[in-house]
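Remarks on the overall topology
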Amino acid sequence: MARLPPAGTPLAALLLFLCLLSSCRAAGSGSGNNPRAVVLPVSKDAGATQQYVTSFRQRTPLVPVKAVLDLSGATLWVDCDSGRYSSTTYRRVPCGSKPCRLSRSAACATSCPGAPSPSCLNDTCGGFPSNTVTHVSTGGNVITDVLSLPTTFRPAPGPLATAPAFLFTCGATFLTEGLAAGASGMASLSRARFALPSQLAATFRFPARRFALCLPPAGAAGVAVFGDARPYAFQPGFVISNASLVYTPLLVNPVSTAGVSAKGDKSDEYFVGVTGIKVNGRAVPVNATLLAIDRKSGAGGTKLSVTEPYTVLERSIYRAVTGAFAAETASAKIPRAPAVAPFTVCYDGSKVGSTRVGPAVPTVELVMGGDDAASWVVFGANSMVAVRGGALCLGVVDGGEAPRTSVVIGGHMMEDNLLEFDLEASRLGFSSSLLFRQTNCNNFRLG
């Protein structure tokens, strides 16, 4: 017989059963209505990881939880090892239940000899939490518990909206190795059914599965906002509507890129159709085959990643882009500096001019295909990285020959850009640099 934590009264057990059979609805604290939007605060780890971290409240009683943001992964996962997770409201997701089937999990924890705990339950759906930084995966129970998120971002977080039975996966303490200090898990923003965007939309009855992401540089604040947050407001008095965003299709890689997957699974990550690259407006000669996703192997293409600090390019693309950039800066007589790993193209920072959008260097442009061709123009603030000795380096790294994905757009290139992930329309909206509008992610307002 399966062991369960105390479920309280029979009525509480019935409510739990109903929540597991369908999306358990929730409301803003004390309002009686579903919130218009909920938010996650985002900051950049000041340590060596350069990861983007968020925090939320979970469990009963509520406790703050710190997690690393991820654009892949199947669910939110947190460390549930012995003594690290305490709550009176967690519940198992039974093997064969609707949520277990929808999570596409064939794993089931049939028995556990220890005392009942989130990491030791019988007849419980199994998941595979993955640290996408270290590329380590493990098995873990799929359970539910209370999750609370703020409904406003400025001038202060709150009030809270509460999901009474939010599904997530239990990880292990060793899985947190390589994460930012204090992080006890990873918060998935992928297109997976039980990642935050889709699960929050179902829980709070948002009209569409959509979220906006605004990544900050170190020392500033950013945000991930879910629900009906349009138009996006920034201080001082600047507003971005959907009409002012540039949109490009989000592509689905037909082959899973997850650490653990089954044959036939599609990728839950976000791919875009980059068809060309320009430096200072001039096309860079690259192998177009590498920019397309191979429909059989899933190799190639371009994806977005917030766990990669810098943009990673397949070796031939890397050499072409850095060569073109070096040629343009040589024409502008910008003096070079010695390379600083992992970068190879560096400059004397004292000899580089400054603009509203960062160092005065050639632009890098990602040309997107689709019915309406679009370009993501990258300026100095997002292309250059300040390193030791006062040098500025082009923030792209060599991904080697035949990597799984040819172009990985890293976090630094996305900072102080508003990105809207519209899962209903399968499209990505991007603002290009907010610095052009004399604002940044730190100035985002909601509420």
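Everything here concerns the structure above.
Residues numbered from 1 in each chain as written. Predicted model: local features only at pLDDT ≥ 70, side-chain atom pairs only at ≥ 80, totals over all residues. Heavy atoms only, no water.

A cis amide bond links Gln235 to the next residue, Pro236, at an omega of 5°. Here Pro236 shows up in the loop between strand 16 (232–234) and strand 17 (238–240). In this structure, Pro342 follows Ala341 across a cis peptide bond, with omega equal to 5°. Tracing the chain through its elements places Pro342 in the loop between strand 24 (336–337) and strand 25 (346–348). Backbone geometry places Arg59, a non-glycine residue, at a positive phi of 85°. (Helix = DSSP H or I, 4+ residues; strand = E, 2+ residues; numbered from the N terminus.)

So, about the state of the cysteines. Here the structure, examined in full by the defined rule, presents 6 disulfides. Sulfur-sulfur distance for the disulfide between Cys100 and Cys125 comes to 2.1 Å. Because the torsion about its S-S bond is 80°, the bridge between Cys100 and Cys125 counts as right-handed. Of the two residues, Cys100 sits in helix 2 (residues 98–102) while Cys125 sits in strand 8 (residues 124–127), which places them 25 residues apart along the sequence. What makes Cys100 buried here is its relative accessible area of 3%. Residue classification places Cys125 among the buried residues on the basis of a relative accessible area of 0%. Bridging Cys214 to Cys441, the disulfide has an S-S length of 2.1 Å. Sign of the S-S torsion, about -80° for the bond between Cys214 and Cys441, identifies this disulfide as left-handed. Taken as a pair, Cys214 in strand 14 (residues 210–214) and Cys441 in the loop between strand 35 (427–433) and strand 36 (444–445) lie far apart in primary sequence, 227 residues in all. (Disulfide = S-S within 2.5 Å. Buried < 20%, exposed > 50% of the residue type's maximum accessible area, 1.4 Å probe, protein only.)

Looking now at the packing of aromatic side chains. Applying the stated rule across the entire model yields 12 aromatic pairs. An angle of 5° between the planes, with centres 4.7 Å apart, marks the rings of Phe211 and Phe421 as stacked. Here Phe421 lies in strand 34 (residues 417–422) and Phe211 lies in strand 14, a separation of 210 residues in the sequence. Here the two residues Phe211 and Phe421 agree in accessibility, since each one is buried. In textbook terms, an aromatic cluster arises when at least three aromatic residues are bridged by ring pairs, as seen for Phe211, Phe226, Tyr270 and Phe421. Positioned over the ring face of Tyr347 is Arg336, at 5.7 Å from the centre of the ring. (Phe/Tyr/Trp six-rings, centres within 6.5 Å; stacked < 30°, edge-to-face > 60°. Lys NZ or Arg CZ within 6 Å of the ring centre and 35° of its normal.)

Here we take up empty space enclosed by the protein. Going through the model one piece at a time under the given rule, you end up with 2 cavities of 30 Å³ or more. Space inside the largest cavity adds up to approximately 110 Å³. Every residue lining the largest cavity is counted, 13 residues in all, and those nearest its centre are Thr311, Leu313, Val364, Val396 and Met413. Counting only elements with at least two residues in the lining of the largest cavity, the list comes to strand 23 (311–313), strand 28 (364–368) and strand 33 (407–409). Considered as a void within the structure, the second largest cavity measures approximately 30 Å³ in volume. Lining the second largest cavity we find Leu40, Phe56, Leu76, Leu147, Leu149 and Leu196. Partitioning the lining of the second largest cavity into residue classes produces 6 nonpolar, no polar and no charged. (1 Å grid on protein atoms, 1.4 Å probe; cavity = no way out; pocket = protein on both sides within 12 Å on 5 of 7 lines; lining within 4 Å. Points joined across faces, edges and corners; volume = space filled by probe spheres on them. Nonpolar A, V, L, I, M, F, W, Y, C, P; charged D, E, K, R; others polar.)

Turning our attention to the pairing of strand 14. Most of strand 14 sits inside the fold, with 5 of its 5 residues counted as buried. The alternating pattern of strand 14 places Arg210, Ala212 and Cys214 on one face and Phe211 and Leu213 on the opposite face, and all of these are buried. By the bridge criterion, 5 bridges tie strand 14 to strand 34 in an arrangement that is antiparallel. From the neighbouring strand, Leu213 faces strand 34, where its bridge partner is Leu419. (Pairing = 2+ DSSP bridges.)

Attention now goes to the pairing of strand 4 (residues 63–70). When strand 3 (residues 52–58) meets strand 4, the two strands line up antiparallel, connected through 6 bridges. The residue of strand 4 that forms the bridge with Val53 is Val68. The loop that links strand 3 with its antiparallel partner strand 4 comprises 4 residues; one of these, Arg59, has a positive phi angle of about 85°. Relative to strand 13 (residues 185–188), strand 4 runs parallel, the two sharing 3 bridges. From the neighbouring strand, Val68 faces strand 13, where its bridge partner is Met186.

The subject of this paragraph is helix 5 (residues 315–331). The first and last C-alpha atoms of helix 5 sit 24 Å apart over 17 residues, in line with the 24 Å expected at 1.5 Å per residue. Among all positions of helix 5, only Ile317, Tyr318, Ala320, Val321, Thr322, Phe325, Ala326, Glu328 and Thr329 are buried. (Expected span 1.5 Å × (residues − 1).)

Attention now goes to the sheet that holds strand 17. In spatial order, the strands read 17-16-36; together these 3 strands make up an open sheet with antiparallel pairing. Of all the strands in the sheet, the pair left with one neighbour each is strand 17 and strand 36.

For the rest of this paragraph, the subject is the pattern of salt bridges. Applying the stated rule across the entire model yields 12 salt bridges. In this structure, Glu328 engages Arg282 in a salt bridge whose closest nitrogen and oxygen atoms are separated by 2.9 Å. You can see Glu328 sitting in helix 5 and its partner Arg282 sitting in strand 21 (residues 282–283), a full 46 residues away along the chain. Since its relative accessible area comes to 15%, Glu328 is described here as buried. (Salt bridge = Lys/Arg side-chain N within 4 Å of Asp/Glu carboxyl O.)

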